[in-house]
Amino acid sequence: MTDSLPPLPSAEEADKREKTILKLKLNTDPRWVDIASKNIGDILVDHAYCEQKAASTGISLIVSYPEKTRLVDELTDLVAEEWSHFERVLQELRKRNLPLGRPRRDEYVVELMKHVRRGGARERQLMDQLLVSALIEARSCERFKLLWKHIPDPELSKFYYELMVSEAGHFVAYVDLAKEYCNAQEVDTRLQELLKIEGDIVTSLPVRDDRMH
């Protein structure tokens, strides 16, 4: 896996790629990475469950839309990759003799999911589900970038670089799938709406030292 990764970019290159690919409206509060790096056990536990939930989301979409062949094929691969990330985070916990612990309520995801429109055309709901999933991947990617750049543990820094690259690809995959099954212009318009909503959610939530989001 690591053999196929691109060379590590400079911090400036990473920032430029993030703005181009992820399009997030708001950067994470810089205090987050400082307090997160001091509570890496809690962050790893929360991260493990984020990966488990991401795999579960992919499975749920496959079950809900089995007739959409490209979606099934691409999300099957994505689910496998998310589960491999879950296993890798578990390995990092084991290295530190830390238990997995219990899952925590992810207020960020809960608030974002409230904006998936229910009822109406089935494709509209699918579009929102895919775009909300894309935004969760984008925010995870941004947080991984901060950990890669600033966490003092060199091994964990490399680990989060690898996951940052992967999550950026997941964001693109979800948006592309939305455009496969819905009007591309409508997808772009809705994505901009959800990006604004996502930024407002991040602004409204407290900075936590035990949460990935």
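Residues numbered from 1 in each chain as written. Predicted model: local features only at pLDDT ≥ 70, side-chain atom pairs only at ≥ 80, totals over all residues. Heavy atoms only, no water.

As annotated in an unreviewed UniProt entry, the protein chain carries the name tRNA-(Ms[2]io[6]A)-hydroxylase and is attributed to Hymenobacter busanensis.

Draft legend 1. Structural view of the overall build of the protein chain. When helices and strands are counted, the protein chain shows 8 helices and 0 strands. Beginning at the N terminus, the succession of helices and strands in the protein chain can be written as α-α-α-α-α-α-α-α. In the protein chain, which comprises 213 residues, the proportion classed as buried is 48%. Across the protein chain, every contact between residues at least 6 apart in sequence was considered, and the portion connecting residues at least 24 apart equals 82%. As presented, the protein chain carries roughly 10500 Å² of accessible surface, and 54% of it is formed by carbon and sulfur atoms. (Helix = DSSP H or I, 4+ residues; strand = E, 2+ residues; numbered from the N terminus. Buried < 20%, exposed > 50% of the residue type's maximum accessible area, 1.4 Å probe, protein only. Contact = heavy atoms within 4.5 Å. Areas by Shrake-Rupley, 256 points an atom, 1.4 Å probe, with all protein chains shown as cover.)

Draft legend 2. Seen up close, the side chain of H213. Within the fold, H213 resides in the segment after α8 (184-204). Apart from the residues lying within four places of it in its own chain, the contact partners of H213 are D46, C50, D106, Y108, V109, I136, R139, S140 and R143.

Draft legend 3. A look at the packing of helix α3 (residues 40-64) against helix α7 (residues 154-181). Two numbers describe how α3 lies on α7: the axes approach to 14 Å, and their chain directions differ by 25 degrees. Regarding the angle of α3 to α7, the classification is roughly parallel. As for how α3 packs across α7, the hand of that crossing is left-handed. In this structure, α3 contributes I40, I43, L44, H47, E51, T57, G58 and L61 to the contact, and α7 contributes L156, F159, Y160, L163 and Y174. For the contact of α3 with α7, the per-class residue count stands at 9 nonpolar, 3 polar and 1 charged. (Axes fitted to C-alpha atoms, helices over the stretch in contact; angles between N-to-C directions. Parallel < 35°, antiparallel > 145°, perpendicular 65-115°, else oblique. Left-handed = near helix turned anticlockwise from the far one by under 90°. Nonpolar A, V, L, I, M, F, W, Y, C, P; charged D, E, K, R; others polar.)

Draft legend 4. Just the nonpolar core, in detail. L71, L75, L130 and L131 are the most contacted members of the largest nonpolar core, which has 34 residues in total. Of all the elements in the fold, those that place two or more residues in this core are α3, α4 (69-95), α5 (107-113), α6 (122-150), α7 and α8. Ranked by the residues each element gives to this core, the list is headed by α6, at 9 residues. Setting aside chain neighbours within four positions, we find L71 in contact with L61, I62, Y65, T76, L126, L130, L177 and Y181. I40, L90, L100 and C141 belong to the second-largest nonpolar core, a separate cluster that totals 29 residues. (Core = buried A, V, L, I, M, F, W, Y, C linked by side-chain atoms within 4.5 Å.)

Draft legend 5. Seen up close, the environment of E198. Along the chain, E198 turns up in helix α8. Taking the relative accessible area as the measure of exposure, E198 reaches 0% and is therefore buried. Sequence-wise, E198 and L24 are 174 residues apart; in three dimensions their C-alpha atoms are separated by 8.2 Å. The contact partners of E198, leaving out residues within four places of it in the chain, are L24, Y108, L112, L135 and R139. Reaching out from E198, the side chain makes a polar contact with the side chain of R139 at a distance of 2.8 Å. (Polar contact = N/O pair within 3.5 Å; in protein donor to acceptor, adjacent residues only side chain to side chain.)

Draft legend 6. Just the confidence of the model for the protein chain, in detail. Taken as a whole, the protein chain shows an average pLDDT of 88; of its residues, 90% reach a score of 70 or greater. Across residues 1-6, where pLDDT falls below 50, the model places 7 contacts with residues more than four positions away in sequence or in other chains. (pLDDT = per-residue confidence, 0-100.)

Draft legend 7. Local environment of the packing of aromatic side chains. Tallied over the full model, the rule gives 4 aromatic pairs. Between the NZ or CZ atom of R143 and the centre of the ring of W32, over which it lies, the distance is 4.9 Å. (Phe/Tyr/Trp six-rings, centres within 6.5 Å; stacked < 30°, edge-to-face > 60°. Lys NZ or Arg CZ within 6 Å of the ring centre and 35° of its normal.)

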